[in-house]
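# What the coordinates show
Listed here are the chains, written in short residue letters.
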Amino acid sequence: MSCEVINAAIAHHTDWPAPGTIIHKMSGIDLPRMSSGTEWWYYNFHLSLVDGRKASAFIAFFRTTSLKPTTKPDLHAADGIQRDVEQQLCHSHLLNFAICLAPVDAPEDPSPNPWGPAVKKENDASEGQYLFTSAMDADNAAYMRSMLEVDKQLDPRVRESLLQVMADGKVPEPDIIISGDVSISLEGQLNLKYGDLASVVCRTNDIGEDVYHIVAQAQDGSYGFELDLIPRKPPISHGANGIVQGDLVTPDDGMYYCFVPRCDVSGSVRIDNSNIEVDKESSMGWYDREFGGGIKKWYEVNTKTTESSWKWASAQLSNGWDLTVYTLWDIDFNSGEVTVRDKRAIAISPEGTRIECDVHSFDPLRTWTSMNTLNDYGTKWKLEIPQLELDVFVEAPFTNQEFRTICAQRGYWEGRVEIAGTMEGKPVNGLGFVENVPGQFVTKFEQYLKRVARLTAIEVLKIYPDRLIDADHAMRILAFQSDEEMAAKPTGSSCLSPRRFTEDMPLDVLYEHLFAPVRHLTDRGGKSWRSYLSVACIAVFGADPEKGKSLLAAMELLHTGSLIIDDIQDESPLRRGVDSVHSIWGVPTAINAGTAAYFAFETAMRSLSANLEPEKKVRIYEIFFETMRAGHAGQALDIAGQQRSDLDDILAGRAHPSVLEKRVLTVHRLKTAIIAGNIAKISSILAGATPAQSRALSSHCERLGIAFQIIDDVYDIRGWSHVANTKTEPVVTSNKKEVLKRRGDDIRSGKISIPIAKAGSMMPLEEAQWVWETVLSKPGTDDITTQKVIDKLESYGIVDACMKEAHKMVDDSWFELDKHLKDNHAKVYLHALGWYLVKYNSI
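An unreviewed UniProt entry lists the protein chain under the name (2E,6E)-farnesyl diphosphate synthase, with Gymnopilus junonius given as the organism. Check the Cofactor (unreviewed entry) section of the UniProt entry for the protein chain; it says "Mg(2+)". According to the UniProt record, the Sequence similarities (unreviewed entry) comment for the protein chain reads "Belongs to the FPP/GGPP synthase family."

### Brief notes about the overall build of the protein chain
When you go through the protein chain residue by residue, the secondary structure sums to 22 helices and 28 strands. The proportion of buried residues among the 843 residues of the protein chain is 55%. Considering only residue pairs separated by 6 or more positions, the protein chain has 70% of its internal contacts joining residues 24 or more positions apart.

### A short note on the side chain of E414
Within the fold, E414 resides in strand 25 (residues 411-423). No salt bridge is formed by the buried E414. Its closest oppositely charged neighbour is R416, at 13 Å. Engagement of the side chain of E414 in a polar contact is seen with the side chain of Y42, the distance being 2.6 Å. Leave out the neighbours within four places in its chain, and E414 touches Y42, F58, Y130, W312, Q401, F433, V434 and E435.

### Re the pairing of strand 8 (residues 198-204)
Inspection of the sheet shows strand 7 (residues 191-194) paired to strand 8 by 4 bridges, in the antiparallel sense. Following the sheet pairing, N191 is matched in strand 8 by V201. Hairpin connection between strand 7 and strand 8: a loop of 3 residues separates the two successive antiparallel strands, and G195 in this loop has a positive phi of roughly 60°. Two elements, strand 8 and strand 9 (residues 210-217), share 7 bridges in a ladder whose sense is antiparallel. Counterpart to A198 in the pairing with strand 9 is A216. In textbook terms, the turn of a hairpin is the stretch between consecutive antiparallel strands, and for strand 8 and strand 9 this stretch comprises 5 residues, one of which, G208, has a positive phi near 85°.

### Observations regarding the nonpolar core
Residues Y532, W772 and L793 are the most contacted members of the largest nonpolar core, which totals 110 residues. Apart from residues lying up to four places away in sequence, W772 is in contact with L647, I650, L651, L660, I752, I756, A757, A759 and G760. Residues W16, W41, F45 and F97 belong to the second largest nonpolar core, which totals 49 residues.

### Digging into unusual backbone geometry
The peptide bond linking E173 to P174 adopts the cis configuration, its omega dihedral lying at 10°. By secondary structure assignment, the location of P174 is in the loop between helix 2 (156-165) and strand 5 (175-177). Positive phi, normally seen in glycine, also occurs at E424, with a value near 55°. Residue position: E424 is located in the loop between strand 25 and strand 26 (426-437).

### Concerning helix 13 (residues 644-651)
The set of residues buried in helix 13 consists of D646, L647 and I650. Viewed end-on, helix 13 has its buried residues packed into an arc of 95°, placing them on one side of the element. Contact partners of the buried residues in helix 13: helix 14 (658-687) and helix 19 (765-776). Two residues or fewer past helix 13, G653 is found with a positive phi of approximately 85°.

### Thoughts on the pattern of salt bridges
One pass over the structure, following the stated rule, counts 45 salt bridges. Its salt-bridge partner being E209, residue R232 comes within 2.6 Å of it at the nearest N-O pair. Of this pair, R232 sits in the loop between strand 10 (224-231) and strand 11 (236-237) while E209 sits in the loop between strand 8 and strand 9, placing them 23 residues apart in sequence. Here D322 makes a salt bridge to K233, at a shortest N to O gap of 2.6 Å. With D322 in strand 18 (residues 322-332) and K233 in the loop between strand 10 and strand 11, this residue pair connects regions lying 89 residues apart in the sequence. An identical accessibility class is assigned to D322 and K233; each is buried. What you see here is one network of salt bridges that share partners, running through K170, D818, D823 and K827.

### Here we look at the packing of helix 4 (residues 471-478) against helix 6 (residues 507-522)
At their nearest, the axes of helix 4 and helix 6 sit 11 Å apart, and the two run at 25° to each other. In terms of axis orientation, helix 4 runs roughly parallel to helix 6. In the packing of helix 4 onto helix 6, the handedness of the crossing is left-handed. Note on element contacts: helix 6 touches helix 4 through L507, L510, L514 and F515, opposite A471, A474, I477 and L478. Broken down by class, the residue content of the contact of helix 4 with helix 6 amounts to 8 nonpolar, no polar and no charged.

### As for the environment of P231
Tracing the chain through its elements places P231 in strand 10. Accessibility expressed as a relative area gives 21% for P231, which makes it partly exposed. The sequence separation of P231 and G285 amounts to 54 residues, and the corresponding C-alpha distance is 8.2 Å. Not counting the four nearest positions on each side in its chain, P231 is found in contact with D210, Y212, V260, R262 and C263.

### Quick look at the confidence of the model for the protein chain
In the predicted model, the protein chain carries a mean pLDDT of 87, and the fraction of residues at 70 or more is 89%. Note on residues 1-9: pLDDT is under 50 here. Beyond four places in sequence and across chains, it has 20 contacts. The low-confidence segment residues 107-124, where pLDDT is below 50, has 22 contacts with residues more than four positions distant or belonging to other chains.

### Focus: the packing of helix 14 against helix 15 (residues 691-718)
Packing of helix 14 against helix 15 leaves a shortest axis separation of 7 Å and a crossing angle of 145°. Note on packing geometry: the crossing formed by helix 14 with helix 15 is right-handed. On helix 15, the residues that touch L665, H668, R669, T672, A673, I674, A676, G677, A680, K681 and S684 of helix 14 are S694, L697, S698, C701, E702, G705, I706, F708, Q709, I710 and D713.

### Quick look at the packing of aromatic side chains
Counted according to the given criterion, the structure contains 36 aromatic pairs. Ring geometry for Y43 versus Y287: centroids 4.5 Å apart, planes at 25°, classification stacked. Of this pair, Y43 sits in strand 1 (residues 38-48) while Y287 sits in strand 15 (residues 284-292); the two residues are 244 residues apart in sequence, bridging distant segments of the chain. Using a relative accessible area of 0% as the deciding quantity, one classes Y43 as buried. Look at Y448 and Y532: their rings are 5.8 Å apart centre to centre, the planes differ by 85°, and that puts the pair in the edge-to-face class. With a gap of 84 residues between them, Y448 in helix 3 (residues 445-463) and Y532 in helix 7 (residues 529-539) connect regions that are remote in the sequence. Judged by its relative accessible area of 4%, Y532 is buried. Here the aromatic residues Y42, F58, Y130, F132, Y257, F259, W286, W312, F403, Y412 and F433 are joined through ring pairs into a cluster of three or more. A cation over a ring is seen here: K380 above F393, with NZ or CZ 5.1 Å from the ring centre. Residue placement shows K792 over the ring face of W770; its charged tip is 5.7 Å from the ring centre.

### Examining helix 20 (residues 783-795)
In this model helix 20 runs 18 Å from its N-terminal to its C-terminal C-alpha over 13 residues, within 8% of the 18 Å that 1.5 Å per residue would give. For helix 20, the full list of buried residues reads T786, Q787, V789, I790, L793 and E794. An end-on view of helix 20 places all buried positions within 155° of arc, on one side of the element. Facing away from the buried surface of helix 20 by more than 90 degrees, the exposed residues are I784 and S795. Two to three positions downstream of the cap, the backbone nitrogen of I784 sits 3.3 Å from a side-chain oxygen, assigning the N-cap of helix 20 to D782. Downstream of helix 20 by one or two residues, G797 has phi in the positive range, about 70°.

Reading the values: the criteria
- Residues numbered from 1 in each chain as written.
- Predicted model: local features only at pLDDT ≥ 70, side-chain atom pairs only at ≥ 80, totals over all residues.
- Heavy atoms only, no water.
- UniProt positions renumbered as here; feature names shortened; annotations may be inferred.
- Helix = DSSP H or I, 4+ residues; strand = E, 2+ residues; numbered from the N terminus.
- Buried < 20%, exposed > 50% of the residue type's maximum accessible area, 1.4 Å probe, protein only.
- Contact = heavy atoms within 4.5 Å.
- Lys, Arg positive; Asp, Glu negative; His and termini not counted.
- Salt bridge = Lys/Arg side-chain N within 4 Å of Asp/Glu carboxyl O.
- Polar contact = N/O pair within 3.5 Å; in protein donor to acceptor, adjacent residues only side chain to side chain.
- Pairing = 2+ DSSP bridges.
- Core = buried A, V, L, I, M, F, W, Y, C linked by side-chain atoms within 4.5 Å.
- Arc of directions from axis to C-beta.
- Axes fitted to C-alpha atoms, helices over the stretch in contact; angles between N-to-C directions.
- Parallel < 35°, antiparallel > 145°, perpendicular 65-115°, else oblique.
- Left-handed = near helix turned anticlockwise from the far one by under 90°.
- Nonpolar A, V, L, I, M, F, W, Y, C, P; charged D, E, K, R; others polar.
- pLDDT = per-residue confidence, 0-100.
- Phe/Tyr/Trp six-rings, centres within 6.5 Å; stacked < 30°, edge-to-face > 60°.
- Lys NZ or Arg CZ within 6 Å of the ring centre and 35° of its normal.
- Expected span 1.5 Å × (residues − 1).

Written out as structure tokens, the structure is:
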């Protein structure tokens, strides 16, 4: 990361406070600024509730000014040019608020599990709770859609899926449309009303103090707050003389930023439909006001190649000091290069004196990845400000404080943090908020799936670690005993001790012959789409995909085991760009290691099933064993290959040529599609989906699996590397991109794939007979013969027909599924996944 702060000229807007102006009261800058493209009013609170619980909350009222066309421009002009149309100013609005309930200390378990951590109950108060609302008005939704319609940088699959969800003025959940009128006072004192959801009104009390009355209520009324905030320190200018660096090129994108770092707070918080009073003596608040930025046009194409990201923190310390730190940076879409735009730390003394600290560090020590958005966030940091002799840890009391909204691509992290360390050599503690908006713009869907691959690799390590440390570690990893047996205290009899499985085991030998062959492939990574499917199918029903995290490893290891076995059957020398497992370890070890990987599912289930009802647990096991039986039945048919009698019947006119296609599709269904469909069934159970929803999703995923396998067969014909393949590209290894598998492997090994099976329906039978006879002869390393078969298939348009069939299968299947799903973020990416798997590269 480049740490050089970019300096650019910042134009001063005429309706901003003049440079050097001291703001004495926030009410002096409360009202909207007509020149601002974006502005917001932000408040956060740290609250002690009278029932003993601790909570934090924040609310942000956003207003955006843009130029809206009076008529929609022609986005599909024949010459590709969008012409200016008459425009008018449009004010659109967005509301974000959240309540962070701090974890409650759980009572000690009198009988702790000696072999692992105690299991926490779902929604256990000891884990903390994050309740949030993201809402926008109809104009904000329409403005965002206008930007999507002309976007040239977002992955087209994600873009089209998002546009479909946002049709007819809708937004994907958890975002909602504000119900009721939005109004903002333009004169007098601040008065914001965002429909039925939130408001803030400033009034002056009897002693001349500004009092901000802030109300927020969830759409269903189950949570919210009604609080009064009174500033207790003077307003402080942020940035450079009140200005935060905007866009690196456009001066108008600078922002005016002022805040009050400490306020009194009183009122009540609503949780689970009950109001709880706030202990005002032990509660405090913060107020940020920011405005500026250029006024943008609807349907304006974004030509920037960078994405803005930032990290911001507020801190209110026990010694009366307050702090705020932030870093803003830009990430280049193409190179990934990071350029810091602005970086500051400001301290405010107990008396209200502003101290700018040029040198500071705010570095993450621990991170968390959201299973909902796949965004990475810090959850523990080290903050050092030498000028103040400040050295503290900043830590989230619980990790999942993610605010999901389409207005930040997928979401951001903003939550309560606890602070502890020293200042001037003395102990200090406090509370704060951290807001982190990471880089998350998806220019290519495969980049998004790489996040899944990284998460999957982490989960795989929990079941297939880098090494077996000792007998106890091996026992836990191999999970030889049930949870009940693991929790039981040894009685003294060695035959009952769980260690009896591993205490005399040569761990290095076991690792090399059972774990290493599997890691050989998992370390190379794959698309991980099956793993992603497992958590996406939970999230698509609005459930928390964190509960299915271990499925990432289970599905990856199940798939890897099948690849090892497949490569033995097909005599494939390569897999994922490296030597296949049997080529290195030999066939016996490869068979044993590959089949052992199937049992990773049971290991994963130990963490999945802790809070499941017994009948659901049994049903999941039934689905898994059904999957394994189907896979092995498919493998048996695949090994047997197409029977000569079937081909003779077709050639003699006793059977229709489509019979051969159906035979091949049966294998694809059993080996691939049933797995995808049953992943959806398992995830539906974990999500609490209805039977109708489960059936619809399972049917779609099964058909997606078949379509994927058809495209997989197409790749075998046209090439496996991501070089710009052509239909007639010779079988060579590129020096730019690694070849992941040999081209034409199915032909070489004598396998009848879908394109080869279609020969009977799409070319004269005598030519189809030549293709089938040639393939069944297993040409192996004969590149010339292999290429002749490929050329023959291409000349009759068979490969193109396979592609069209797969595309139509997925599109038709999604149309049937769509009505069973909520319009949420997971739906957007699940739809994009289907297109990615069958339309990627348009081969």
